[in-house]
Amino acid sequence: MGAIVHRPGRDFGFGLLALAVLGLVAPWIGLYPVFVMKALCFAMFACAFNLLLGFTGLLSFGHAAFFATAGYAAGHAIKVWGWPMEAGLGFAVLCSGLLGLAIGALAIRRQGIYFAMVTLALAQMVFFVFLQAKFTGGEDGLQGIPRGRLLGALDLADDLNLYYAVLAIFLACLALCYRIVHSPYGQVLKAIRENEPRALSLGYRVDRYKLLAFVLSASLAGLAGGCKALVVGFETLTDAAWQMSGEVVLMTLVGGVGTLFGPVIGAFAIVGLQDQLADRVGSWVQVILGLTFIVCVLGFRRGIAGEVAAWRERRRATSR
Amino acid sequence: MEILGIPLQALLGQLLLGLVNGSFYAMLSLGLAVIFGLLNIINFSHGAMYMMGAYVAWMMMEYLGLGYWWSLAIAPIVIGAFGIVIERLLIRHVYKLDHLYGLLLTFGLALVIEGVYRDRFGASGQPYGVPDALRGATNLGFMILPNYRAWVVVASLLVCFLTWFVIERTRIGSYLRAGTENPRLVQAFGVNVPRMVMLTYGFGVALAAVAGVLAAPIIQVSPLMGSNVIIVVFAVVVIGGMGSILGSILTGLALGLVEGLTRVFYPEASATVVFVVMALVLMLRPAGLFGRES
């Protein structure tokens with residue numbers, strides 16, 4: 001080992017601590033808790049997506065399906081069946097995980113660009129099913145989802161209580177992503193990303209690894225979708241549309257594909273941008289998102305976190 | 001006369017409608033396949049180009065008073081030229097990168113185009129009339145055939161056949177096929193490959209524009225018509241595979257017919273049937289019906 005050892009674990013620990021502190025004080029420095037909660041949910045969604053794109057090399061263009069499935073599942077279980085909020089969220093994760101198993105099993109039969117098209121098409125199928133199904137409320141959506149109480153005690157109708165619950169879930173989700181990426185399993189995923197035929201020839205059952213990654217990613221996207229439905233109190237078809245699948249790609253791309261904190265930064269950037277622009281420019285939001293896509297692909301492929309990491313790398317190299 | 005409890009007239013009517021949709025799928029997936037063959041890019045903005053083709057027709061009627069036949073000739077040229085500009089300005093920068101970046105770039109482009117049109121024209125559709133020469137219907141005895149729909153099927157089959165002929169049977173087409181196999185070798189033989197790539201992209205999106213003009217009198221011209229169709233066309237491409245020109249055409253037509261039949265026998269599933277077929281094909285023949293796994 002050289003004199004300067006780069007320790008990702010320490011970096012990640014500092015980052016997580018910084019996020020926790022930021023999250024704890026955010027409501028007290030003038031940030032609107034509902035906005036931050038929404039952004040945290042999208043951050044979880046983007047982290048889940050990045051598990052596939054960034055750490056396994058699979059571009060899913062259908063993650064909206066898992067996000068929305070979980071929203072409907074949580075909403076239905078809590079509102080119609082009267083389940084407690086924890087059980088509703090668990091049910092949401094289960095549903096999107098099972099959907100991920102089904103879609104993933106089909107999609108991993110094709111590679112690269114075809115994988116993206118298959119996931120997009122299957123997610124569109126889910127969209128049409130939701131459009132026609134009774135339990136989703138069709139075009140009107142599922143309205144008035146109650147937030148309930150945490151462990152039967154803490155009233156989550158209070159924005160601040162729910163905020164800290166969502167923050168805790170978010171931090172746990174991020175830590176889980178770190179754990180997955182830096183586990184032996186995560187190393188195999190990286191090997192598949194870098195060179196799939198070689199991983200296969202080394203004897204790894206690549207398909208199983210990819211499928212498990214897909215299911216994990218879908219389940220975490222489900223956790224994000226379930227939380228988001230609780231936060232806003234409704235679930236609509238917007239979450240299942242292909243534009244939503246595109247948005248999560250954009251968040252990850254802006255923040256930094258294949259970095260742990262990138263998707264979080266990207267989610268806050270995009271949700272913040274939409275929040276700021278929605279009142280001022282109306283339908284131009286879509287144009288601006290599209291332009292952001294083009295700019296990112298043409299000249300900013302590392303994303304914010306990737307650029308920061310590259311800058312630190314350069315500094316480390318010159319100080320050596 | 002009835003078949004399985006369905007009046008024959010209704011069945012044939014839906015089959016014709018299916019064939020019309022199938023012609024659009026065929027033309028769009030053909031354009032995607034031609035572009036993918038040489039550029040290795042899945043053109044997500046293909047739907048937006050189709051939509052713009054229809055709008056060029058509508059605008060020529062609305063602002064210039066030029067009718068359907070003028071549009072059919074001019075819209076593909078306008079959109080093809082637009083595609084060439086886009087290729088030079090944006091797309092050529094991603095050829096050396098992972099193919100996924102091409103998809104993301106053209107996805108962003110589709111968002112921009114659709115957003116601009118929505119801002120300009122609103123989300124609702126604009127009516128575009130059937131040209132005078134093709135109004136009305138012909139009684140074939142066993143069914144009433146709307147002239148315009150018959151024309152769409154014939155015209156798109158003609159366009160598809162011409163495309164096939166140019167690519168498979170002419171000298172230009174042989175350059176194109178060689179470029180698909182090995183662009184560096186073709187370049188070494190003195191063919192200007194970057195120019196060929198540029199023209200191929202222009203040609204591919206011009207095909208989409210032809211489909212857009214043909215579709216304008218049938219469906220309302222709306223900014224959303226592109227994104228509505230493009231995902232289905234992606235499924236068609238996955239089913240057929242992009243290795244074969246004839247394969248793309250046949251798969252497009254066949255899936256249109258399947259959709260039409262579904263609309264007769266189980267209308268609830270008509271929006272999803274193409275995706276179900278795609279799932280089945282992935283299970284039974286993952287490389288696609290006419291595909292070669294790369």
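Residues numbered from 1 in each chain as written. Chains lettered and ligands numbered in written order. Predicted model: local features only at pLDDT ≥ 70, side-chain atom pairs only at ≥ 80, totals over all residues. Heavy atoms only, no water.

Residue and element names in this part refer to chain B. Between helix 2 (residues 46-64) and helix 9 (residues 225-240), whose axes approach to 8 Å, the crossing angle comes to 140°. When the axis of helix 2 is compared with that of helix 9, the two are oblique. The handedness of the crossing between helix 2 and helix 9 is right-handed. Here His46, Gly47, Ala48, Tyr50, Met51 and Ala54 of helix 2 come into contact with helix 9, specifically with Met225, Gly226, Val229 and Ile230. Taken together, the residues that form the contact of helix 2 with helix 9 break down as 7 nonpolar, 3 polar and no charged. (Axes fitted to C-alpha atoms, helices over the stretch in contact; angles between N-to-C directions. Helix = DSSP H or I, 4+ residues; strand = E, 2+ residues; numbered from the N terminus. Parallel < 35°, antiparallel > 145°, perpendicular 65-115°, else oblique. Left-handed = near helix turned anticlockwise from the far one by under 90°. Contact = heavy atoms within 4.5 Å. Nonpolar A, V, L, I, M, F, W, Y, C, P; charged D, E, K, R; others polar.)

Further remarks concern the confidence of the model for chain B. Residue and element names in this part refer to chain B. With 97% of its residues at a pLDDT of 70 or more, chain B has an overall mean of 90. Mean pLDDT across the elements of chain B ranges from a minimum in strand 1 (residues 2-3), with 68, to a maximum in helix 3 (residues 68-89), with 95. For this predicted complex, the interface confidence score (ipTM) comes to 0.90, while the overall pTM stands at 0.91. (pLDDT = per-residue confidence, 0-100.)

So, about the packing of helix 3 of chain B against helix 8 (residues 193-215) of chain B. All names here are of chain B. At their nearest, the axes of helix 3 and helix 8 sit 7 Å apart, and the two run at 145° to each other. In this structure, helix 3 crosses over helix 8, and the sense of that crossing is right-handed. In this structure, helix 3 contributes Tyr68, Ser71, Leu72, Ala75, Pro76, Ile79, Gly80, Gly83, Ile84, Glu87 and Arg88 to the contact, and helix 8 contributes Pro194, Val197, Met198, Leu199, Tyr201, Gly202, Val205, Ala206, Ala209, Val210, Val213 and Leu214. Residue classes in the contact of helix 3 with helix 8 are distributed as 17 nonpolar, 4 polar and 2 charged.

It is worth spelling out the interface of chain B and chain A at this point. Listed as interface residues are 44 residues of chain B and, on the opposing side, 36 residues of chain A. Here chain B meets chain A over a buried area of about 3,900 Å², counting both sides, of which 78% is carbon and sulfur. Inspection of the region where chain B meets chain A yields 0 salt bridges. Counting the contacts that link chain B with chain A gives 8 residue pairs in polar contact (both at pLDDT 80 or more). Among the secondary structure elements, those contributing two or more residues to the side of chain B that touches chain A are helix 4 (99-121), helix 9 and helix 11 (273-284) of chain B. Take the side of chain B that touches chain A: its biggest share by element is 16 residues, from helix 4 of chain B. In terms of residue class, the side of chain B that touches chain A is made up of 31 nonpolar, 8 polar and 5 charged. (Buried area = accessible area lost by both parts, 1.4 Å probe. Salt bridge = Lys/Arg side-chain N within 4 Å of Asp/Glu carboxyl O. Polar contact = N/O pair within 3.5 Å; in protein donor to acceptor, adjacent residues only side chain to side chain.)

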